[in-house]
Amino acid sequence: MSTGTQVEVVMPQMGVSVSEGTVTRWLKQPGDAVALDETLLEISTDKVDTEIPSPGAGVLAEVRVQEGETVEVGTVLAVIAPEGSAVAEPKPEPEPSPEPTPAPAAPAAAAPQPPPVEAMPAATRLPPSPSPQAEPAGNGRTFISPVVARIAAEHGVDPGGIPGTGQGGRVTKKDILQFIETGAAAPGEAPAAQVPSPAPEPAAQTPPAAPGPVDEVPAAVAPPETAPPQEPEARPAPAQPAVAAPVAQGLAPASQVPDEQPLATGESAEPMNAMRRGIAEHMRRSLDTSAHVTSAIEVDMSRVVATRDRLKKEYQSSYGVNPTYLAFVTKAAVETLKDWPWVNGEIRGEKIVTRPYVNVGVAVSLEDGKGLIVPVIKNAQDLNLLGVARSIADIAERARTKKLMPDDVQGGTFTITNPGGYGTFHGTPIISQPQAAILGTYALVKRPWVVQDELGQDVIAIRPLMNLTLTYDHRLVDGAYAGSFLRDLKTRLEGWDEG
Amino acid sequence: MATQEKTYLQAISDGLRQEMRRDQRVFCLGEDVGVYGGAFKVTQGFQEEFGASRVLDMPLSETAIVAGATGAALMGMRPVAEMQFADFVSCAWDHLVTVAAKQRYRAGTPVPIVLRLPSGGGFSGGPFHSQNPESSFAHIPGLKVVCPATPEDAKGLLATSIEDPNPVLYFEHKHLYRRIKGPVPEERYTTPFGKARVHREGDDLTVITWGAMVYTADEAAAKLADEGVEVEVLDLRTLIPWDREAVLESVARCSKALVLHEDTKTGGFGAEIAATIAEEAFEQLDAPVRRIAAPDSPVPFAPSLEKAFIPQVDDVAAALRELAAY
């Protein structure tokens, strides 16, 4: 079949920890002419959704992976034949190739967009990074070692629901022992698979310090940091079998509702995409990991509103950037974090990690309202208000047009979520692991507010008020510490004097 | 028990002298062991003390040395034969493997001989004077294989070897001779075969090794300790018999194991240990068993190449880091 000039389109490596991707849409059909770099299809991975450009010009001769199928990195997705070649006619009966062709040794070489190596701060590269990758281990894609399998069986634990610290996010013996020791799972029950996420299961869940209701806003879904990029040369044979899509769907991640229950009349079902699976796993894992507590504060935004009104025209005409309230809050939060480093820190094993920089993740919901992504503004402490506003606009735009690279969503140290655009005035977001806190910003509303007039008398005035919440990991951040952070943030915003 | 700080070589020498003073059946033979005191001076002064009839200078024939020792043993003696270098025991393969190893099985007569085998590299001895051929003999039923790492074990295991009614290959590592010192009891004592020694305690990773590599493993483990990983170093001390229980117990605890030896990799004794772990401790494993050994090549002469050939501390540390991160 090979004419020697055919070009294969392979599932690209979209980041060091990404091992598979799902074909979401073919933009070309067999027989269609394609130009070099013309978009052929869209794929979805745990980390990002993206478009795949054609690696060659000619005719789409063969589509080997259909929409909805999940295949390993390196799998041949399609074949591009030179124009006018005999294979242009799509075969009526395409060769049944249910198993994806195993990748040649270096799939990345064929990938159209190898992710750029990013100069990450040293701290995020330390080998024993406790942050496992987003990939849910429970669906069979991650190797379960014999000892972990045995311990899991003995304790009735699903390893898929355990955060892994081993190579590629693998659940190590220590991980599972620690999981069991901390009482995260009760013996004899298969916890992760059956615990409905918000229900306060009396059995075994580690009780959060302040067990509020689980927030309706799954704010921070930053796919956490990837596993360390170091790849030992003597790596044992990969234990991941080539999983075709139906199999992958069948082995559902732990947090997924078991699908034995048949559909009732009127119900309909759709498969979870990779992003939803990632969100589900991450939300559950975050609640299992951190002791979530939320504190809220009301901020009089009068000065920010005045400053924004003043800057708006200049920013838009000179720079094409809108100085949003989110930009103001982000700028103020980044400055305030300098004084309260644990809010920008992380519990890593037995250590508390802090850093002199802030990589701030900003939650961006996708256009269809299904799913969101948390691109990261690196070194936000170096940006002025204009830089922050511009960065937010840039990542939001790229998130919505699926132009983010995997590295754009990694390395966050603190997250801001902004559900206030919908008018909500309070929420308890979930921390993006392994971070220590997430800031929520809410609707700016005019309220009657007690202020002092020039004579020192209390009067009621109309002021633009914004609620801010800080949801923090109470294991690391105490209430007084969080309150101090919020107080300083409030002071900074209420006394805004820049520009 | 009174102890004295001794080198590994001195411990062997004093141990052998103690055995010869204690038991008239014990005598030694080998090339230049008498007048010259041995190539490495293990038997220096022996001929003066015990006479030429108990410290025999032999012709340049390992065949004659092993065959003569075998015959003497059959007649009730306890010969301790020195190969000038372990490498040359291959000359005596037939007498050792075909006769001595099988005599007791065939005829019921024990062959209590000890072959002292100065082995190992690290000093540019080249391909004929640096080998660690222990695995070749560990494969032969009827032979025992001993590889002491410390001065105390060198003396105690030599006494046990001489007492043992079977042919014992006693591998003494040349690179440890004068480099390694340690406390050695003055009195006579025996160190049991088949009992591993915990050289360093740890709960994260197990290194199983013997001979000079015990020290390489220990240095690598010290580096890992600085990084927060506690490595257990098990010194097997004897390969035949070897302490399976100790290895399996340590693996059950740590779940990650590395087997380290200076001998070449293919068919090395580490393969036997790794296979046993896989067979009997599979459900305890949290990572593949790693082996670090010399590459399958003769021992190079050039110092730089020899260094690349013999496992170094950094090689072991790197492999341990990978295992820890796995």
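It should be emphasised that the depicted structure is a prediction, and the values quoted were computed from it without experimental measurement.

A. The arrangement of the overall build of chain A in detail. When its secondary structure is counted, chain A shows 10 helices and 18 strands. Out of the 499 residues belonging to chain A, those deemed buried represent 45%. Once local pairs closer than 6 in sequence are excluded, the contacts in chain A between residues at least 24 apart make up 71%.

B. Up close: the overall build of chain B. When helices and strands are counted, chain B shows 11 helices and 14 strands. Residues counted as buried form 56% of the 326 residues belonging to chain B. When contacts within chain B are restricted to residue pairs at least 6 apart in sequence, those whose partners lie at least 24 apart make up 79%.

C. Quick peek at the pairing of strand β18 (residues 458–473) of chain A. Residue and element names in this part refer to chain A. In terms of strand pairing, strand β9 (residues 292–300) meets β18 through 9 bridges, oriented antiparallel. If you follow Thr294 over to β18, its bridge partner there is Thr471. Count of turn residues in the strand β17 (residues 437–452)/β18 antiparallel hairpin: 5 residues, of which Gly456 carries a positive phi of about 85°.

D. The arrangement of the interface of chain A and chain B in detail. Counting from both sides, the interface comprises 14 residues of chain A and, opposite them, 11 residues of chain B. Each residue belonging to the side of chain A that touches chain B can be placed in one class, and the counts come to 8 nonpolar, 4 polar and 2 charged.

E. View of the sheet that holds strand β1 (residues 7–10) of chain A. All names here are of chain A. Strands sit in the order β1-β8-β6-β3 across an open sheet of 4 strands; the sheet is antiparallel. On the outer flanks of this sheet lie β1 and β3 (33–34), each paired with one strand and no other. Of the pairings in the sheet, the one linking β3 to strand β6 (residues 58–63) comprises 2 bridges and is antiparallel in character. Bridge pairing in β6 links Ala33 to Val59.

F. Broad picture of the nonpolar core. By size, the foremost hydrophobic cluster in this structure holds 113 residues, and its most contacted members are Leu115, Leu169, Val207, Leu258 and Leu320 of chain B. Counting contributing residues, this core receives three or more from each of domain 1 (3–185) and domain 2 (197–325) of chain B. If sequence neighbours within four positions are ignored, Leu115 of chain B has contacts with Val66, Ala81, Met83, Val89, Leu169 and Tyr170 of chain B. Met14, Val304, Ala399 and Phe414 of chain A belong to the second-largest nonpolar core, a separate cluster that totals 65 residues.

G. Structural detail: helix α4 (residues 93–107) of chain B. Residue and element names in this part refer to chain B. Here α4 contains 15 residues, and its C-alpha end-to-end distance of 20 Å stays within 8% of the 21 Å for a straight helix at 1.5 Å per residue. Of the positions making up α4, those classed as buried are His95, Leu96, Ala100 and Ala101. Its buried side turned inward, α4 meets α3 (62–74). Following α4 by one or two positions, Gly108 adopts a phi angle in the positive range, close to 80°.

H. Representation of the environment of Arg303 of chain A. All names here are of chain A. Examined against the element boundaries, Arg303 turns out to sit in helix α7 (residues 302–319). For the pair formed by Arg303 and Glu494, sequence separation is 191 residues and the distance between their alpha carbons is 6.1 Å. Dropping the residues within four chain positions of it, Arg303 is found in contact with Glu494, Gly495 and Trp496.

I. The sheet that holds strand β16 (residues 414–417) of chain A, seen in detail. Residue and element names in this part refer to chain A. Across the sheet, which stays open at both edges, the 6 strands sit in the order β9-β18-β17-β16-β12-β15 with mixed pairing between neighbours. Strands at the two margins of the open sheet, each flanked by one partner only, are β9 and β15 (376–377). As defined by bridge partners, β16 adjoins β17 across 3 bridges and the pair is classed as parallel. The partner of Ile416 across the bridge, within β17, is Leu439.

J. Quick peek at the environment of Pro464 of chain A. All names here are of chain A. Relative to the assigned elements, Pro464 resides in strand β18. The sequence separation of Pro464 and Ala443 amounts to 21 residues, and the corresponding C-alpha distance is 9.7 Å. Those residues in contact with Pro464, other than ones at most four positions away along the chain, are Met301, Ser302, Val305, Leu444 and Lys446.

K. The arrangement of the pairing of strand β7 (residues 168–173) of chain B in detail. All names here are of chain B. Most of β7 sits inside the fold, with 6 of its 6 residues counted as buried. Taking every second residue as pointing to the same face, both faces of β7 are buried, with Val168, Tyr170 and Glu172 on one and Leu169, Phe171 and His173 on the other. Here strand β5 (residues 114–119) runs beside β7; their pairing, made up of 6 bridges, is parallel. In the sheet register, Val114 faces β7, and the bridge partner there is Val168. Here strand β6 (residues 144–146) runs beside β7; their pairing, made up of 3 bridges, is parallel. When the sheet's bridge partners are listed, Lys144 is paired in β7 with Val168. For the handedness criterion, the β-α-β arrangement of β6, helix α6 (residues 151–163) and β7 is classed as right-handed.

L. Broad picture of the packing of helix α7 (residues 213–226) of chain B against helix α11 (residues 313–325) of chain B. Residues and elements named next belong to chain B. Viewed as axis vectors pointing N to C, α7 and α11 meet at an angle of 50°, and their least axial separation amounts to 8 Å. By the angle between their directions, the pair α7 and α11 is classed as oblique. Taken as a pair, α7 and α11 cross one another with a handedness that is right-handed. On the side of α7, the interface is formed by Thr216, Ala217, Glu219, Ala220, Lys223 and Leu224, while α11 contributes Val313, Val316, Ala317, Leu320 and Ala324. Grouping the amino acids of the contact of α7 with α11 by side-chain chemistry returns 8 nonpolar, 1 polar and 2 charged.

About the cut-offs
- Residues numbered from 1 in each chain as written.
- Chains lettered and ligands numbered in written order.
- Predicted model: local features only at pLDDT ≥ 70, side-chain atom pairs only at ≥ 80, totals over all residues.
- Helix = DSSP H or I, 4+ residues; strand = E, 2+ residues; numbered from the N terminus.
- Buried ≥ 20, exposed ≤ 12 C-beta atoms within 10 Å, placed from the backbone.
- Contact = placed C-beta atoms within 7 Å.
- Pairing = 2+ DSSP bridges.
- Nonpolar A, V, L, I, M, F, W, Y, C, P; charged D, E, K, R; others polar.
- Core = buried A, V, L, I, M, F, W, Y, C linked by C-beta atoms within 7 Å.
- Domains from an automatic or database assignment.
- Expected span 1.5 Å × (residues − 1).
- Right-handed = clockwise from strand over helix to strand, strands pointing away.
- Axes fitted to C-alpha atoms, helices over the stretch in contact; angles between N-to-C directions.
- Parallel < 35°, antiparallel > 145°, perpendicular 65-115°, else oblique.
- Left-handed = near helix turned anticlockwise from the far one by under 90°.

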